[in-house]
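Descriptive analysis of the structure
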Amino acid sequence: MKRLILILTVLAFSVTLCAQSSEVLQAFNKRGDRDEIRMGWSFFPAFFLSGFDSPYYYGRGYTLGDAYHDIVSEPHSTGVFSVEYSHFFKNWISVCADFGYTPLWNYKANAFGVKLPSDNGFMFHVLPKVRFTYLRADLVSLYSDIGLGVALGSSDGKVTFDALFHTTLLGVTVGKRVYGFAESNLSMKNIGFTIGAGYRF
């Protein structure tokens, strides 16, 4: 008798979950929110895709033979600014197009410590992605994505092209039509976190 009650309880709980999931999917389909646009900012951009590398850095010291070389600092950046459009084919899978811009610069000085004009550059990327949403509730969704694109870097008269591999390990959105999002990334675009806001329509 106890086993029968336990089985009936599990079945009732399962039916309730299925009904709630069905209601969420119906609301998703009814609203028609199959497109999204979002803007984000990422920590720890991939500086060196743009060729901002030099054997002479502040703090590393140099020999007498380096006196004829300028001293160049480590690369600096404000982070990665990106705009993304995505379209849902199903409630759990979508395709995305991510466009991003990363400003970069180095501080320069000659061997006597006199400051010189800094090197300015940028990195621009185009990144197609596939996103998998494995939880889509009324206010919260969880997802991961993977993508492969291309990055164009320019600095000090040099231009580089690089393949750009990207993964989002875990992303979360909070909100309905207008929402905020945060995600952890491991990629050549950035290593760290991305935060921002988006709009569903």
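The paragraphs below set out a description of the structure included in this document.

About the cut-offs
- Residue positions within a chain follow its written sequence, with the count starting from 1.
- Only residues with pLDDT of at least 70 are given local features in this predicted model, and only at 80 or more are side-chain atom pairs given and counted; all residues enter the totals for whole chains, interfaces and linings.
- To obtain the side-chain values, all non-hydrogen atoms of the structure were included, while hydrogens and water were left out.
- What makes a salt bridge here is a side-chain nitrogen of Lys or Arg within 4 Å of a carboxyl oxygen of Asp or Glu, nothing more.
- Burial classes: relative accessible area under 20% of the type maximum marks a residue as buried, over 50% as exposed, and values in between as partly exposed (1.4 Å probe, protein chains only).
- Strands are runs of DSSP state E lasting at least two residues, helices are runs of H or I lasting at least four, and both sets are numbered from the N terminus onward.
- In protein, a polar contact means a hydrogen-donor-capable atom and an acceptor-capable atom, both N or O and within 3.5 Å, with residues adjacent in sequence counting only if both atoms are side-chain atoms; elsewhere, any N or O pair within 3.5 Å suffices.
- When checking whether two residues touch, look at their non-hydrogen atoms; a contact exists if any pair is within 4.5 Å.
- Stacked, tilted and edge-to-face are the three classes assigned to paired rings of Phe, Tyr and Trp, where Trp is represented by its six-membered ring and a pair needs centres within 6.5 Å; plane angles under 30 degrees give stacked, over 60 edge-to-face, the rest tilted.
- Whether a charge sits over a ring comes down to the Lys NZ or Arg CZ being within 6 Å of the ring centre and within 35 degrees of the ring normal.

Considerations on the pattern of salt bridges
Taken as a whole and assessed by the stated rule, the structure comprises 10 salt bridges. Residues E36 and R38 are paired through a salt bridge, measuring 3.7 Å at the closest nitrogen-oxygen approach. Grouping residues by exposure puts E36 and R38 together as buried. Two residues, R131 and E84, come together in a salt bridge whose shortest N-O distance is 2.9 Å. Here R131 is found in strand β6 (residues 115-136), whereas its partner E84 is found in strand β4 (residues 80-90), with 47 residues between them in sequence. Judged by its relative accessible area of 2%, R131 is buried. Among the charged side chains, a network of salt bridges with common partners joins E36, R38, E84, D98, K129, R131, D145, E183 and R200.

Overview of the side chain of E84
With relative accessibility at 4%, the residue E84 sits in the buried group. A distance of 2.8 Å separates the side chain of E84 from the side chain of K129, its partner in a polar contact. Side-chain polar atoms of E84 contact the side chain of R131, separated by 2.9 Å. Beyond its immediate chain neighbours, meaning those up to four positions away, E84 contacts E36, I37, R38, C96, A97, D98, K129 and R131.

Here we look at the packing of aromatic side chains
Throughout the structure, instances matching the rule amount to 3 aromatic pairs. Residues Y101 and F122 carry aromatic rings whose centres are separated by 6.1 Å and whose planes lie at 20 degrees to one another, so their mutual orientation is stacked. Taken as a pair, Y101 in strand β5 (residues 93-109) and F122 in strand β6 lie far apart in primary sequence, 21 residues in all. Residue F122 is classed as partly exposed on the basis of its relative accessible area, which comes to 27%. Over the ring of Y143 we find R131; its NZ or CZ atom is 4.7 Å from the centre of that ring. Directly above the aromatic system of F88 lies the positively charged group of R136, at a separation of 4.9 Å from the ring centroid.

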